[in-house]
Amino acid sequence: IIKYNLWTTIYESSGNEVIANFTLDRMLTYHAWVLITGLLVTSYTSMNLAEDIRMGRISTYLIYPFNFWEFHTASFLGFQTLQLVICAVFLIAMSFLGFLGIPSWYYLFHGLLYSLFVGFFWFVIQYFFGLLAFWLEETWMLRVSFLLISSFLSGAYFPLDVYPEWLLSILNYTPFPYMGYYPVKIFMGEVSSFFPLYLNIGCWTLGVGVIVTLIWKRGLKLYTAAGM
């Protein structure tokens, strides 16, 4: 509702029918897809990981017949299943209200698939911040900072088309546009090749996953089960 009122006012006050190659209807459609993408990408299933480490609760998981990351991954998959249901409800509601126009089932399928893939990358990032609790007293500030930065650079607040081309070319080497801008573009039917998108976010996921593994092994050597 805020975005609808904001962009409607911007277009009316500026007197321009097109801003950064976006008409008002296309801009509203873009932000409607941003909401759908956000439901699939953003998850906080690992936000209690830092507290579990700080309070010594991971000692319980260490004696279970399954790995610690398997427990959190299963929790993430369960959360994503619920998010798919909520996403379907929003998708139907917004299509009924006229905010969304589905270009084809082909793009809808790839948009959902890619968003879920990016959602796993977000989970790995949150897992990374949680493991920093082996060294830091609080990690919430890092989470909030990353959320704010990613929101501005991923196109969650406004399309990246408003940025200068030189900045957008730099951002393409980071994971941020692939976390919001490009998933929305897939939903809108404006992406011709999906392989570079999967390749970029896949490499970032693999890289962060390796770092997470190293941090976990290093952190366990320092872990003293304080609070138990």
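Computed from a predicted structure; not experimentally measured.

Criteria and cut-off values
The written sequence of each chain sets the order in which its residues are numbered from 1. Totals for whole chains, interfaces and linings use all residues, but because this is a predicted model, local features are given only for residues with pLDDT of at least 70 and pairs of side-chain atoms are given and counted only at 80 or more. Here the side-chain values reflect all heavy atoms present in the structure, with hydrogen atoms and water set aside. Every helix listed is a DSSP run of H or I at least four residues long, and every strand listed is a run of E at least two residues long, numbered separately from the N terminus. Only protein chains enter the area calculation, which uses a 1.4 Å probe; residues under 20% of their type maximum are buried, those over 50% are exposed, and those in between are partly exposed. The contact criterion used throughout is that any non-hydrogen atoms of two residues lie within 4.5 Å. All accessible areas in this document rest on Shrake-Rupley with a 1.4 Å probe, and a residue is counted as covered only by the protein chains that are shown. We define a salt bridge as a contact between a side-chain nitrogen of Lys or Arg and a carboxyl oxygen of Asp or Glu at a distance within 4 Å.

What follows concerns the overall build of the protein. The helix and strand inventory of the protein stands at 10 helices and 2 strands. Starting at the N terminus and ending at the C terminus, the protein contains elements arranged as α-β-β-α-α-α-α-α-α-α-α-α. Dimensions of the protein, computed from the C-alpha atoms along their principal axes, are close to 65 × 35 × 35 Å. Considering the protein as a whole, with its 228 residues, one finds that 44% of them fall into the buried category. Considering only contacts within the protein whose residues lie at least 6 apart along the sequence, 76% involve residues at least 24 apart. Put simply, the protein shows about 12,400 Å² of open surface, and 70% of that area lies on carbon and sulfur atoms.

With that settled, consider the pattern of salt bridges. Following the criterion strictly, the structure yields 2 salt bridges and no others. Here Glu190 makes a salt bridge to Arg26, at a shortest N to O gap of 2.8 Å. One end of the pair, Glu190, is in the loop between helix 9 (181–187) and helix 10 (195–222); the other, Arg26, is in helix 2 (residues 24–41), and 164 residues separate them in sequence. Note on Arg26: relative accessible area 22%, which makes it partly exposed. Between Glu190 and Lys185 there is a salt bridge, and its shortest N-O distance comes to 2.8 Å. Judged by relative accessible area, Lys185 falls into the buried class, the value being 7%.

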